[in-house]
Amino acid sequence: MELVLQILGSLGGGALIIMGFSSFLSKIWLDRITKQNSLLVDKDLAAFKNQHIQDLEGLKSLYNSELEDIKQKNIEIQIDKQNFHQISNSFYQIFFEKRVEVYLKLLRMKNKYIMEMNESLLTDFHEGQPSVAFSIYKEMRLLINAEQFYISTELDKLFLMLRNKSSSFLKDEEMVDATSFDGQDHEQKIEQYEEVYYRFLIQNAEEINAVFDQIDKDIALLRKRAEL
């Protein structure tokens, strides 16, 4: 410290001038450096801001594009729903009309069964109830085989049970046909058929009645829907 003071003392006023000039230059360089740093910071900030704006514009464009896609898909879904609804209504109308047609045929078979089994004097005279029952069963079997899609699930299950129990009697009837030969007594052949039909009725009367009861229930539902 003493050495510095001695040097400054030896220099006199010139030292003070030098120190003042150095301080002035330091201030100028500091201002320049500060301004340069400020310019660099502003430049970086502007670049960051521009990049941020570009990123936001890109995201906005992507969002708008995806939003338009979602809107378009939603429109397509609504159109598909409307078309499906129209197709469903059209299909249901056709289905309902066909189901009514099938059940009208089943109802006629049921009424024929009741009339010939319970109300026909001729059937009683010939004791033809078993033959009537078997004949109507075969008629119903052909109809349901062809139009099974249009009957109710409950009726389908009940008729399947009846059909499984009746398959052997159809084979027995075919067997009577197959064993026919010239010279066979006609009355004897009729007795063979009647024996098959009698066993069919005795073993399946409960199932037949269950099928007819279900037909009545299904028709009641059809009437109720038709009245709505």
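Anything mentioned here points back to the structure above.
Residues numbered from 1 in each chain as written. Predicted model: local features only at pLDDT ≥ 70, side-chain atom pairs only at ≥ 80, totals over all residues. Heavy atoms only, no water.

Draft legend 1. Layout of the side chain of Lys 110. Within the secondary structure, Lys 110 sits in helix 2 (residues 13-119). Given a relative accessible area of 12%, Lys 110 falls into the buried group. Once you skip the residues sitting within four places of it in the chain, Lys 110 turns out to touch Phe 212 and Asp 216. (Helix = DSSP H or I, 4+ residues; strand = E, 2+ residues; numbered from the N terminus. Buried < 20%, exposed > 50% of the residue type's maximum accessible area, 1.4 Å probe, protein only. Contact = heavy atoms within 4.5 Å.)

Draft legend 2. Spotlight on the packing of helix 5 (residues 153-178) against helix 6 (residues 186-227). Orientation of helix 5 relative to helix 6, taken along the N-to-C sense of each, is 170°, at an axis distance of 10 Å. In terms of orientation, helix 5 and helix 6 fall into the roughly antiparallel class. Of the residues assigned to the contact of helix 5 with helix 6, the class counts are 14 nonpolar, five polar and nine charged. (Axes fitted to C-alpha atoms, helices over the stretch in contact; angles between N-to-C directions. Parallel < 35°, antiparallel > 145°, perpendicular 65-115°, else oblique. Nonpolar A, V, L, I, M, F, W, Y, C, P; charged D, E, K, R; others polar.)

Draft legend 3. Seen up close, the nonpolar core. Grouped together as the largest cluster of nonpolar side chains are 35 residues, with contacts concentrated most on Tyr 103, Leu 106, Tyr 113, Met 140 and Ile 215. For this core, the elements supplying multiple residues, two or more each, are helix 2, helix 4 (129-147), helix 5 and helix 6. Looking at this core, the element that brings in the most residues is helix 6, giving 11 residues. Contact partners of Tyr 103, with chain neighbours within four places excluded, come to Tyr 150, Ile 151, Ser 152, Leu 155, Ile 215, Asp 218, Ile 219 and Leu 222. (Core = buried A, V, L, I, M, F, W, Y, C linked by side-chain atoms within 4.5 Å.)

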